[in-house]
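The lines below spell out each chain.
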Amino acid sequence: MQEKTLEVLEFGKILEKLKTYARSELVKKEISKIKPKNNIKEIKDELDKTKAMEEVIVENGNIDIFGLFDLKEIIEYVRKKGILEPFELLKVLDLLRVSNYLKEYGENIENPYIKDLFDRISVNDFIKDEIERSIISEDEIADNASANLRSIRKKIGKKEAEIKNKLSFYISSPKFDESLQDKVVSIRDGRYVLPVKTNKKSVLNGIIHDRSQSGNTLFIEPNAIVELNNDLSNLQIEESDEIRRILDRLSRFVEGFDQEILENQKLIQRIDFLQAKVKYFLAHEYTMPKLTDKKIINLKSARHPLLKGNVVPIDVKIGDGYKTLIITGPNTGGKTVSLKTVGLVSLMAQAGFYIPCDEDSVVNVFDDIFLDIGDTQSIEMSLSTFSASLTNIVKITENVSENSLVLLDEVGSGTDPTEGAALAISILEFLKNKNVMTFATTHYSELKYYALEKEGVMNASVEFDVESLSPTYKLIIGTPGKSNAFEISKRLGLDKKILANAKSILSDDNKNFNTILEQLDQNKKEMEIKNQEIEDYKKKIKKARNDLLALSENIKKQEKEIIEKAEDKANKILEEANKASQDMLKIAKKSKNGNTSDIDRSLNDIRNKYKDSKIDRQEEVFKEKISKNAPQNLKVGDVVLIEGLNEKAQVIENPDEKGNIKVQMGILKMDSNIKNVTKIKSNNKTKENTNRIYKAKKAMHISPTLDLRGQRYDEALRNFDKYLDDAMLSGLDQAKIIHGKGTGALRNGINDYLKNNKMIDSYRPGNEKEGGYGVTIVKFK
C-alpha cells in the first residue's frame, strides 16, 4: 500500500489511537509498524483471532499485562556470561510474574488458538522465588540473599556501632567542644570522620580526608579509629564481592531459562496486541467486517473514525451492477469525507481491524488504493491545483490494476469547466474500461448526465437542507445532487429580477434536468413518509399481536385456575359427605339393633363411590428419554438439554463410571445420565451482560496479586485497603498479598486489619511455594 495513501487518509492516527490501549512499549512500537495487507486469507485469519480474543475477554474479563520489557539485550548479555544488575533482574522477575498470572488466566479458555498462546507460556517458580528473595529494589540486595551476606552485614553493623561508640567520646567530651565545628559524625570516602575547625586541627590527631567549600572545616579521621575504619572497609569489600556472587548466581539461572524467556516475551506481546485491538474496537463499538474479493463494498452506517462530535453515518454500496460512483453536491456537504471514509475503512479492514460500521458490512480487499484528494504537492512542485491533480492522475493511470480502488476528489476541476468536465468523463471512462472500482466527487453537471446514461456508473449525492441552508452530510446513492443555487439565492434575498433573468439564461436541458431532480427529490421524500407509515403500522400490528397473545395466555391461566378451584371445592364437598356418612354408619354399627354385615357393606360402598367420584388433578408426568446426540464426556459447568423434559440444566457433578451425573435446573437438583442429555452451548446471560457493561466501559479486572514490597508502612496499608475494596467489588475469591518478611511490621499491620474486616472469610501465611511468611493469602466471603 502506498505511503501517500496512508498519509492522506491518516491511517497513522488510527494506529496512535490503538497504541493507547496497549500495556507495553514493545507492543506500541509493533503497532506503529502495521501496514494494510492484500492477502485476504491472512486478513481473515487475523480477524478471526481478534474475534476469538474478544470472546475470551468478554467471558473472563480484561487481561492484566504488566511489566513487559524488551529482554533481548539482557538475554544476549547473560549468554556471554555477563552479570545482571538488580534492575535488570527485576525486569526478568516482572516477566516471570506476568507469565504465572497469564498461565492461571488461560486455564478456562476454550478457543484453540487463544488457549495455545497461554499454554505455550513457560513458568519457573524457582527463578522467580530466588529473585524475589534476593532483590529488594534496583539498588538493594536482601540480607537473606545468602547466609554469607547476612553474616557479613551483621559484622558490618557491629563494626559501625564500635566506630560510632569511639567517636561519641570526642563528641561528648568538653575537651573538644571548641575544636569541633558540629557535634556530628560524617562519612568521607567510606571512612567515618569528625568535622573540625581549620584552626583547631592540631587538637585532634588524625588523617584529613576532606575540606569544606568555605575552608573553615576539615573532616578528620582520628587515629584511634583508623584500624576500625580499615576493618569496616574490608568488610564492605567482602559484602560487595558476595553481592556480585549472588548476582552472578541469579544471572546463570536466567541464562538457563533464556529460550523460554524470549518465547514468553513474544507470546505476551501477541496477547497484549490482540487485547489492545479488542479494547479499542469495543470502546468505539466497531464491528468485524466481512471480506470479499468480488469487487463489492457495502458499508452500513459507516462513520469516519477520526471525526469528533455527532458524526452522521453514511451507507455506501457499490459493485452490484456498477463499479463507478459519482458523488455530487454542495461544498462542505460531506463529499470528500465520504471518499475518505471509504478509503480509511478499507485500510482498517485490510490491516485486520474492526471497522466503524454496523454489523454485516462488506469490504473488498484491494491490491492498492490510489487517490487524488487535495493539492498537497502543488506548492512544492510549483504547480497549479489542476496540474498537481493531473500529475497524480497520470501516476494512477500508469499503475492502477483491476483489483485497485481509486478515489478522485473534484476530478477535472481547476481548469475550464467544459474542458474539465470532458477530461473528467474521459478519465472515469478509462478506469471503468479497466474494470477499476472508482469513487469520484464533482460539481460538473455533465458527469451527472454521464452517470445517468452510462451502464456501470451510478450517481450519488450529499443531502442539503434548503430550509436551514446547511448540509445534512447524508449520502444518497442513486440520486444526483442538485445545485440549489437559485433556491439559496432566493432565501438569501437576491433580487427577484436577477433570479428570473438567471433562470431564462439557463438552457432548456438544464431546466429539464433540474425539474427531473426536483421531482425525484419530491418522490423520495414522499416515499420516505410512506415507508415510515408502513414501519409505524408494522409496530402497531406487532404490538396488537403481542397483546392478543398475552391476553390469550391470561385467559388460559384464569380458565385453569377456575377449573382447579371448582375441582377443589367439589372434592371438599365429597370429602365432607364421605366423612359424615362413614361417621353415621360407625354409630349405627355400635347400636344393638344394627346389622353389622350390612353396615360394613354400606361403609365399603361409600368408600368406593368416594374414590370413583373424587377428581384427580392431572399433572404432567415427566420421563427422561434417550438422547440422539449423547455427549462422549461432560464436566462441571457444561449446559445440557434433558431429553423428554426439554429443559436446560447445568452439570454440577462430573459423570461416574456408569455415566450418572447430577444436574441443576433453577433451584431443582436431580440425577440423570449422559445417555439422557444433549450438550448445548451456554446462552450465558452473564456473558451478554458482561459484553454490554464492557462496551459501556464499566468493566474492571483486578490482579489476584498485590505487591507491597518497597513501600512505606502507611503507604502500603493505604494501597492494601483500596485493593481489598476493588478486589471484593470485582468478585475475586482469593488474593495474594506480597509484603516481604523484613521486620514483620507490615505483615502484622495487614493481619490486624484483616481481623476486623467482616468481608474477609479467612487469611493465612503463604506456603513454601507461595512465598512463605513473606506472603498472606486472603479469601473473600
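Residues numbered from 1 in each chain as written. Predicted model: local features only at pLDDT ≥ 70, side-chain atom pairs only at ≥ 80, totals over all residues. Heavy atoms only, no water.

Looking at an unreviewed UniProt entry, one finds the protein chain named Endonuclease MutS2, with Anaerococcus vaginalis ATCC 51170 as its source organism. What UniProt records for the protein chain under Sequence similarities (unreviewed entry) is the sentence "Belongs to the DNA mismatch repair MutS family. MutS2 subfamily." For the record of the protein chain, the UniProt heading Subunit (unreviewed entry) holds the text "Homodimer. Binds to stalled ribosomes, contacting rRNA." (UniProt positions renumbered as here; feature names shortened; annotations may be inferred.)

Engineer: Which residues make up the packing of aromatic side chains, and what values do they have?
Structural biologist: Summed over the entire model, instances satisfying the criterion amount to 15 aromatic pairs. Ring geometry for F169 versus Y170: centroids 5.5 Å apart, planes at 70°, classification edge-to-face. Overall, the relative accessible area of 12% leaves Y170 in the buried class. Through successive ring pairs, a cluster of aromatic residues spans F11, Y21, Y280, F281, Y286, F353 and Y354. (Phe/Tyr/Trp six-rings, centres within 6.5 Å; stacked < 30°, edge-to-face > 60°. Buried < 20%, exposed > 50% of the residue type's maximum accessible area, 1.4 Å probe, protein only.)

Engineer: Help me get a handle on the environment of I152, residues and values and all.
Structural biologist: When you line up the elements, I152 lands in helix α9 (residues 147-172). Considered as a pair, I152 and E238 are 86 residues apart in the sequence and their alpha carbons are 7.3 Å apart. If we skip the residues at most four places from it in the chain, I152 touches L235, E238, E239 and E242. (Helix = DSSP H or I, 4+ residues; strand = E, 2+ residues; numbered from the N terminus. Contact = heavy atoms within 4.5 Å.)

Engineer: Quick one: what's the story with the side chain of Q350, residue by residue and with numbers?
Structural biologist: Relative to the helices and strands, Q350 is located in helix α12 (residues 335-350). Setting aside residues up to four positions removed in sequence, Q350 forms contacts with M1, P36, K37, N38, I43, N364, V365 and F366.

Engineer: Help me get a handle on the UniProt feature "binding site: ATP" (unreviewed entry) in the protein chain, residues and values and all.
Structural biologist: The UniProt feature table records "binding site: ATP" (unreviewed entry) at G329, P330, N331, T332, G333, G334, K335 and T336. Mapped onto the fold, P330 is located in the loop between β10 (324-328) and α12. Taking the relative accessible area as the measure of exposure, P330 reaches 14% and is therefore buried.

Engineer: Break down a positive patch on the surface for me, with residues and values.
Structural biologist: The grouping of K29, K33, K72 and K266 at the surface amounts to a positive patch. With respect to the element layout, K266 can be found in helix α11 (residues 258-283). Residue K266 is classed as exposed on the basis of its relative accessible area of 57%. (Patch = residues over 30% accessible without salt bridge, like charges linked within 9 Å, V, L, I, M, F, W, Y side chains within 5 Å. Areas by Shrake-Rupley, 256 points an atom, 1.4 Å probe, with all protein chains shown as cover. Salt bridge = Lys/Arg side-chain N within 4 Å of Asp/Glu carboxyl O. Lys, Arg positive; Asp, Glu negative; His and termini not counted. Charge placed at Lys NZ, Arg CZ, Asp CG, Glu CD.)

Engineer: So what about the sheet that holds strand β4 (residues 191-197)? Which residues, and what values?
Structural biologist: Strand order in the open sheet formed by 4 strands is β3-β4-β6-β5, and the pairing between neighbours is antiparallel. Here the strands that pair on one side only, and so sit at the sheet edges, are β3 (186-188) and β5 (206-211). Adjacent strand axes in the sheet meet at a mean angle of 50°, parallel and antiparallel pairs treated alike. As judged from the 3 bridges shared by β3 and β4, these two strands associate in the antiparallel manner. Looking at β4, one finds that R188 is bridged to R191. In this fold α9 packs onto β4 and β6 (217-222), with an angle of close to 10° to the strand it touches most, β4. Each of β4, β5 and β6 is contacted by helix α10 (residues 226-256), which is oriented at about 140° to β4, the strand it contacts most. (Pairing = 2+ DSSP bridges. Axes fitted to C-alpha atoms, helices over the stretch in contact; angles between N-to-C directions.)

Engineer: Pulling in residues and values, what's your account of α11?
Structural biologist: Given a rise of 1.5 Å per residue, 26 residues ought to cover 38 Å, and the 37 Å separating the end C-alpha atoms of α11 matches this to within 8%. Downstream of α11 by a residue or two, E285 has a phi angle that is positive, lying close to 60°. (Expected span 1.5 Å × (residues − 1).)

Engineer: Account for the environment of F353, naming residues and giving values.
Structural biologist: Its location among the elements puts F353 in the loop between α12 and β11 (362-364). The exposure class assigned to F353 is buried, which follows from its relative accessible area of 0%. Sequence-wise, F353 and K277 are 76 residues apart; in three dimensions their C-alpha atoms are separated by 7.4 Å. Beyond its immediate chain neighbours, meaning those up to four positions away, F353 contacts F11, I14, L15, L18, I34, L47, K277, F281, P289 and M348.

Engineer: Give a detailed account of the nonpolar core, specifying residues and quantitative values.
Structural biologist: F11, I34, L299, F353 and F439 are the most contacted members of the largest nonpolar core, which has 54 residues in total. Per element, the largest residue contribution to this core is 7 residues, and it comes from α12. Lining this core are residues from two domains, each supplying at least three of them: domain 1 (6-123 + 256-282) and domain 3 (288-504). Not counting residues within four places of it along the chain, the set of residues in contact with I34 comprises F11, L15, L18, F273, A351 and F353. Counting 49 residues, the second largest nonpolar core, distinct from the first, contains I75, I131, I141 and L262. (Core = buried A, V, L, I, M, F, W, Y, C linked by side-chain atoms within 4.5 Å. Domains from an automatic or database assignment.)

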